[in-house]
2 protein chains.
Amino acid sequence: MSPNASMPPLQIPADVPSPEDDDKTQDAAADALHPVVSRSRTMTTTAEIDSTITKPGSVKINVTGAFIVDPDSSTPKNGRGSPTASTTTTHHETSDIRLPNHTAVVSHIAVDIGGSLIKLVYFSREVDIHTDPGGRLTFQTFETDRIDDCVEFMRDLRDRQLKLTGSRPSDLAVMATGGGAYKFYDKIRDALGVDVSREDEMECLIIGLDFFITEIPREVFTYSETDPMHFVGPREAIYPYLLVNIGSGVSMLKVTGPRTFERVGGTSLGGGTLWGLLSLLTGARTFDEMLEQAGRGDNTHVDMLVGDIYGQDYGKIGLKSTTIASSFGRVFKMKKDAEAAALAQGQQVDGQALPRGPGFNDGDIARSLLYAVSNNIGQIALLQSQIHNLSDIYFGGSFIRGHRQTMNTLSYAIKFWSKGAKHAYFLRHEGYLGAVGAFLKRQPKNWGRRGSLDNAGPGLDELQEWRKQRAKEEAAASTTGTEM
Amino acid sequence: MSPNASMPPLQIPADVPSPEDDDKTQDAAADALHPVVSRSRTMTTTAEIDSTITKPGSVKINVTGAFIVDPDSSTPKNGRGSPTASTTTTHHETSDIRLPNHTAVVSHIAVDIGGSLIKLVYFSREVDIHTDPGGRLTFQTFETDRIDDCVEFMRDLRDRQLKLTGSRPSDLAVMATGGGAYKFYDKIRDALGVDVSREDEMECLIIGLDFFITEIPREVFTYSETDPMHFVGPREAIYPYLLVNIGSGVSMLKVTGPRTFERVGGTSLGGGTLWGLLSLLTGARTFDEMLEQAGRGDNTHVDMLVGDIYGQDYGKIGLKSTTIASSFGRVFKMKKDAEAAALAQGQQVDGQALPRGPGFNDGDIARSLLYAVSNNIGQIALLQSQIHNLSDIYFGGSFIRGHRQTMNTLSYAIKFWSKGAKHAYFLRHEGYLGAVGAFLKRQPKNWGRRGSLDNAGPGLDELQEWRKQRAKEEAAASTTGTEM
């Protein structure tokens, strides 16, 4: 098995209770009654953003609250020094931890098989559910091209479950969504010998997003250059909203209620376009390498700006000289100049794409295309939100990958064009909306949160209590200069 | 002077009256009182479309009517055998005719200097205005990069005017618009020694478009695969409409009255993006070569279709298996496979862009990108038209170039997404809206049409008479099975 090298490595945080790891997870569970997540406006650092999104952490589930288990010890943050926030659990980088160290029982796997990527979520509970009534969601990504690796990974999880519990294969539930749930249905079912449920992709996306918005602290955030990662707390009044899911292509869903939605549009200019064109245009071989190049590049080397055409602003219609008038608009001329120069030097110009001249490099190309695709998605999202009268726009999907330029471009496009009337939100588990949604369509037996809500049992009371407590603390915080 | 080789060659139709060319232009002028353009539904052939748009012909102006002088003898068409339609003027390919054969007086030049192209229009009247009270608009394009060629061309026109009429340079009016009107203002003024008026780009676009819509027969048409070039006649009730001007970048203007407009949006993904990326990705060196490649290509070799992801339709939300889910979405995987294969064969893979494998060619890339850009513009135009409640969408600018796939994509996008509620229109002089608009902002002394209207003089009566006559004939035509 070779997980995709360009993806975040397998994340099984060290605080998964295990014989080898005697930590205090139960403290964390208890603390969830109180705001584990502080509402402090402490600025999130660049390094933190890079780390917390590319390694979004697993989600701890129990009857009293769910929260993200961050893969590094710096989070969850306790900006206001909340006395109840737990920092007793040890978190550290666990990239190299492998399944042999993982002894929890996996009873439930959900996969979202897209055009380029497979997003996999599995739920594991502790072997002894009396000492820990909760469990954990763990996230993993494969390239769709490597579906066999993914199937092997699932088979491995299944085998461990059998070994630990002596249960039958039929006890393992596999929920599948995305186009590949249809395309690879037989392959998965035959390989695992378990039932595979196929779930509608769009429905799963919104179920997953609803879960993250309403249940998970430190999951949803706004982004701006001056306040890069500003978390917004879980909330209940979330409808209506626009979900913009950016994978290989882009789907835009108008969501008006828990499972009430309509696909209002989309665009074929998505992640697949960026990855495909950049793999032809640059030497980059992974998505992360492309994003890294973009970070170093200067798009003005290849883009035609308003100033390139006008020599100044076009003030009458509000176009600044620095506005991008034409993405890649400078390239054609430069390419022709390079050809002419080559010919003048007696070099053969055989009509093939020439090595580009000194005018621009791979990074410039990557950044220009990243801007072009992001801006375009942002604009179409805004227009759709205007047509459908939606103020909240959530961006999900594996395109974003926590990349700051991407989020900044999307966020700025929404803010700029709507004059601040619309709000762009991002998620740490942005790529896993569909997978989590599929997961939630059939919950494992000892799954807490949602089950509690559905049954209106004691869990709900505790949750309400927790929310009340949080609201109180937030009110207090707002008078002491901190903000949600 | 070397006119851009990829552009339509200099078009000075042979029927420009000259001592060497004793033709019957006056007949054509007289015939303009009657519908020179038949309203027949005769299908326009592919060859005709290619010819009539890439060589849109000059526009004959006189006090009683303007019409397009087609550069080939097959047009204007006389589908209903209109007895008044003139075919006595001789039209033939005039690519090689040079200025020495052109003895009419040029009194007026307008240039629209964009990011990639300069569009030039000049008006010429006959030396003896008593024998022919009209004149002619002639159209020419240069690459902006070759501004010096354009200036030389204008100087040549100026010198001929001086020679023919003995007038002073100040008698020649040069109207300039587009960003280059600012950027190259000094250059043009100094080189020609004439006054140069700078005119607002957006205003010129709509003045030019209004002129073409309301005044010029056989100029505006709809496009569909089954009825490729369906002309709509000049009309007066044209507002409100959306103008989508596609040059290097794209501007979208909401137009509500003769000079009442607002730039409601645009996109940086325009012609410059297509030309720039294709110049890097393929061996094509001219726009026409790129379009020609696109015509031979198959985008499904590089695009990821819904069927590639689902293995079938995604019927629940109305996505067919043939819908493009992700433009270039198949490329990343193919590129990686090609790299792996190269490595397996012991070839060095140095991280540079590899020659593409056998999976796709330049044409496939060109077609995919043409579809992507056109579809995207079509979609944004539709959304803007929905937000601003506009039913008529006019596509102008030098991107379209009469290319059938482009027009079909734009047209289909509007029709499909609006369920037929919105209408896409194209123009034969699509690239010259701004130049003609600039031209019209200061009309030469012996210019007929608009002047007549403005002065409400005899010209208006004649025009109204002509329109009445046309309306009658159209009514008659509609009862005999023909249609506008």
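Higher on the page you've got the structure.
Calculation notes
Residues numbered from 1 in each chain as written. Chains lettered and ligands numbered in written order. Predicted model: local features only at pLDDT ≥ 70, side-chain atom pairs only at ≥ 80, totals over all residues. Heavy atoms only, no water. Helix = DSSP H or I, 4+ residues; strand = E, 2+ residues; numbered from the N terminus. Buried < 20%, exposed > 50% of the residue type's maximum accessible area, 1.4 Å probe, protein only. Contact = heavy atoms within 4.5 Å. Areas by Shrake-Rupley, 256 points an atom, 1.4 Å probe, with all protein chains shown as cover. Expected span 1.5 Å × (residues − 1). Arc of directions from axis to C-beta. Pairing = 2+ DSSP bridges. Axes fitted to C-alpha atoms, helices over the stretch in contact; angles between N-to-C directions. Least-squares fit on C-alpha atoms with pLDDT ≥ 70 in both. Buried area = accessible area lost by both parts, 1.4 Å probe. Salt bridge = Lys/Arg side-chain N within 4 Å of Asp/Glu carboxyl O. Polar contact = N/O pair within 3.5 Å; in protein donor to acceptor, adjacent residues only side chain to side chain. Nonpolar A, V, L, I, M, F, W, Y, C, P; charged D, E, K, R; others polar. Core = buried A, V, L, I, M, F, W, Y, C linked by side-chain atoms within 4.5 Å. Right-handed = clockwise from strand over helix to strand, strands pointing away. Patch = residues over 30% accessible without salt bridge, like charges linked within 9 Å, V, L, I, M, F, W, Y side chains within 5 Å. Phe/Tyr/Trp six-rings, centres within 6.5 Å; stacked < 30°, edge-to-face > 60°.

Asker: Outline the overall build of chain A, listing residues and values.
Answerer: Looking only at helices and strands, chain A features 15 helices and 16 strands. Looking at chain A as a whole, 62% of its 484 residues qualify as buried. Within chain A, contacts between residues at least 6 apart in sequence are counted, and of these 69% link residues at least 24 apart. Working note: accessible area of chain A is about 18,100 Å², and carbon and sulfur atoms make up 49% of it.

Asker: So what's going on with helix H10 (residues 331-344) of chain A? Residues and values would help.
Answerer: Side chains that are three or four residues apart share a direction in an α-helix, a result of its 3.6 residues per turn. Residues and elements named next belong to chain A. Here H10 spans 20 Å end to end across 14 residues, near enough to the 20 Å set by a 1.5 Å rise per residue. Within the span of H10, buried status applies to Val331, Phe332, Met334, Lys335, Glu339 and Ala342. Seen from one end, H10 has its buried residues packed into an arc of 165°, which puts them on one side. Backbone geometry just downstream of H10 places Gly346 in the positive-phi region, at approximately 80°.

Asker: Tell me about the sheet that holds strand S10 (residues 241-246) of chain A, and name the residues and values.
Answerer: All names here are of chain A. Across the sheet, which stays open at both edges, the seven strands sit in the order S9-S8-S16-S15-S10-S11-S12 with mixed pairing between neighbours. Both edges of this open sheet fall to strand S9 (230-232) and strand S12 (260-267), since each of them pairs with a single strand only. Across the sheet, the mean angle separating the axes of adjacent strands is 30° when strand polarity is ignored. Taken together, the two bridges between strand S8 (residues 220-222) and strand S16 (residues 423-427) define a ladder with antiparallel strand orientation.

Asker: Explain the relation of the copies chain B and chain A residue by residue, including any values.
Answerer: The transform that puts chain B on chain A rotates by 180° and translates by 0.0 Å along the axis, for an RMSD of 0.0 Å. In symmetry terms, the pair is related by a two-fold rotation axis. Both copies share a contact surface, since 100% of the interface residues of chain B are interface residues in chain A too.

Asker: So what's going on with the interface of chain B and chain A? Residues and values would help.
Answerer: Reports of interface size often rely on the accessible area that becomes lost once the parts have come together. Listed as interface residues are 75 residues of chain B and, on the opposing side, 75 residues of chain A. When the buried surface of chain B facing chain A is broken down by residue, Leu280, Arg285 and Phe332 of chain B rank first, second and third, together holding 13% of it. Taken together, the links from chain B to chain A amount to six salt bridges. Among the ionic pairs, Asp145 of chain A bridges to Lys333 of chain B, the shortest N-O distance being 3.2 Å. Where chain B meets chain A, there are 23 residue pairs in polar contact (both at pLDDT 80 or more). Among the elements that make up the side of chain B that touches chain A, the one with the highest residue count is helix H11 (residues 362-387) of chain B (nine residues). Of the residues in the side of chain B that touches chain A, the class split is 30 nonpolar, 29 polar and 16 charged.

Asker: Can you explain the nonpolar core? Please cite residues and give values.
Answerer: Core analysis: the largest hydrophobic core is formed by 95 residues, its most contacted members being Val244 and Phe395 of chain A together with Val244 and Phe395 of chain B. Not counting the four nearest positions on each side in its chain, Phe395 of chain B is found in contact with Val244, Ile246, Ile377, Ala381, Ile400, Leu410, Ile414, Ala424, Tyr425, Phe426, Leu427 and Glu430 of chain B.

Asker: Please provide a residue-by-residue account of the sheet that holds strand S9 (residues 230-232) of chain B, values included.
Answerer: All names here are of chain B. Strand order in the open sheet made by the seven strands is S9-S8-S16-S15-S10-S11-S12, with mixed pairing throughout. The open sheet terminates on both sides in strands that have one partner only, identified here as S9 and strand S12 (260-267). Recorded for the sheet is a direction-independent mean angle of 30° between the axes of neighbouring strands. Sheet strands in contact with helix H6 (residues 201-215) are strand S8 (220-222), strand S10 (241-246), strand S11 (250-257), S12, strand S15 (392-396) and strand S16 (423-427), and its direction is about 115° off that of S10. Those strands touched by H11 are S10, S11, S12 and S15, and its axis lies near 155° from that of S10.

Asker: Run through helix H12 (residues 404-418) of chain A, naming residues and quoting values.
Answerer: All names here are of chain A. Look at H12: 21 Å from first C-alpha to last across 15 residues, which is about the 21 Å you get at 1.5 Å a residue. Within H12, the full set of buried residues consists of Gln405, Thr406, Met407, Asn408, Thr409, Leu410, Ser411, Ala413, Ile414 and Ser418. Immediately downstream of H12, the backbone of Lys419 shows phi near 55°, a positive value.

Asker: Account for the environment of Glu262 of chain B, naming residues and giving values.
Answerer: Residue and element names in this part refer to chain B. With respect to the element layout, Glu262 can be found in strand S12. The class of Glu262 is partly exposed, set by a relative accessible area of 44%. Sequence-wise, Glu262 and Glu203 are 59 residues apart; in three dimensions their C-alpha atoms are separated by 9.5 Å. Those residues in contact with Glu262, other than ones at most four positions away along the chain, are Met252, Leu253 and Lys254.

Asker: Describe in detail the pairing of strand S15 (residues 392-396) of chain A, supporting the description with residues and values.
Answerer: Residues and elements named next belong to chain A. The element S15 is extensively covered by neighbouring structure, given that five of its five residues are classed as buried. Of the two faces of S15, both are covered, the one formed by Asp392, Tyr394 and Gly396 as well as the one formed by Ile393 and Phe395. Where S10 and S15 come together, four bridges link them in parallel fashion. Note on S15: the bridge partner recorded for Leu242 is Ile393. Following the backbone out of S15, through H12 and into the adjacent parallel S16, one traces a crossover that is right-handed.

Asker: Residue-level account of the pattern of salt bridges, with values.
Answerer: Close approach of charged atoms allows side chains with opposite charge to pair. What the rule picks out here adds up to 32 salt bridges over all chains. With a shortest N-O distance of 2.8 Å, Lys187 of chain A and Asp148 of chain A are connected by a salt bridge. Placement of Lys187 of chain A in helix H5 (residues 185-192) and of Asp148 of chain A in helix H3 (residues 147-165) is noted, with a sequence separation of 39 residues between them. For Asp148 of chain A, a relative accessible area of 47% puts it in the partly exposed group. Measuring nitrogen to oxygen at the nearest pair gives 3.9 Å for the salt bridge that ties Arg160 of chain B to Asp156 of chain B.

Asker: With reference to specific residues and values, describe a nonpolar patch on the surface.
Answerer: Residues and elements named next belong to chain A. A cluster of nonpolar residues, Tyr412, Phe416 and Trp417, forms a patch on the protein surface that exposes about 340 Å² of accessible area. Secondary-structure assignment places Phe416 in helix H12. Residue class for Phe416 comes out partly exposed when judged on its relative accessible area of 47%.

Asker: Just give me the short version of the packing of aromatic side chains, but keep the residues and values in it.
Answerer: Using the criterion set out here, one finds 30 aromatic pairs over all chains in the structure. Centroid distance Tyr241 of chain A to Tyr394 of chain A: 5.1 Å. Interplanar angle 75°. Geometry classified as edge-to-face. With Tyr241 of chain A in strand S10 and Tyr394 of chain A in strand S15, the pair connects residues that are 153 residues apart, well separated along the chain. Here Tyr241 of chain A and Tyr394 of chain A have matching classes, each one buried. With 6.1 Å between their ring centres and 35° between their planes, Phe221 of chain B and Phe426 of chain B make a pair best called tilted. Note that Phe221 of chain B is positioned in strand S8 and Phe426 of chain B in strand S16, a separation of 205 residues in sequence. The class for Phe221 of chain B is buried, based on a relative accessible area of 0%. Relative accessible area serves as the criterion here: at 0%, Phe426 of chain B is assigned to the buried category.

Asker: Describe the environment of Ala284 of chain A, and please don't skip the residues or the numbers.
Answerer: You can see Ala284 of chain A is positioned in the loop between helix H7 (271-281) and helix H8 (287-296). In the structure, Ala284 of chain A is positioned 69 residues away from Glu215 of chain A in sequence and 38 Å away in space, judged by C-alpha atoms.

Asker: Describe the pairing of S10 of chain A, naming the residues involved and giving the relevant values.
Answerer: Residue and element names in this part refer to chain A. Among the six residues that make up S10, six are buried, leaving the element largely enclosed by the rest of the structure. Taking every second residue as pointing to the same face, both faces of S10 are buried, with Tyr241, Leu243 and Asn245 on one and Leu242, Val244 and Ile246 on the other. Alignment of S10 against strand S11 (residues 250-257), held across six bridges, turns out to be antiparallel. Counted as the bridge partner of Leu243 is Leu253 from S11. Counting the residues that bridge the hairpin from S10 to S11 gives three residues.

Asker: Can you explain unusual backbone geometry? Please cite residues and give values.
Answerer: Residue and element names in this part refer to chain A. Note the cis peptide between Tyr239 and Pro240, where omega equals -10°. In the Ramachandran plot, Arg218 falls in the positive-phi region, its phi being about 55° despite a non-glycine side chain. Assignment of secondary structure puts Arg218 in the loop between helix H6 (201-215) and S8.

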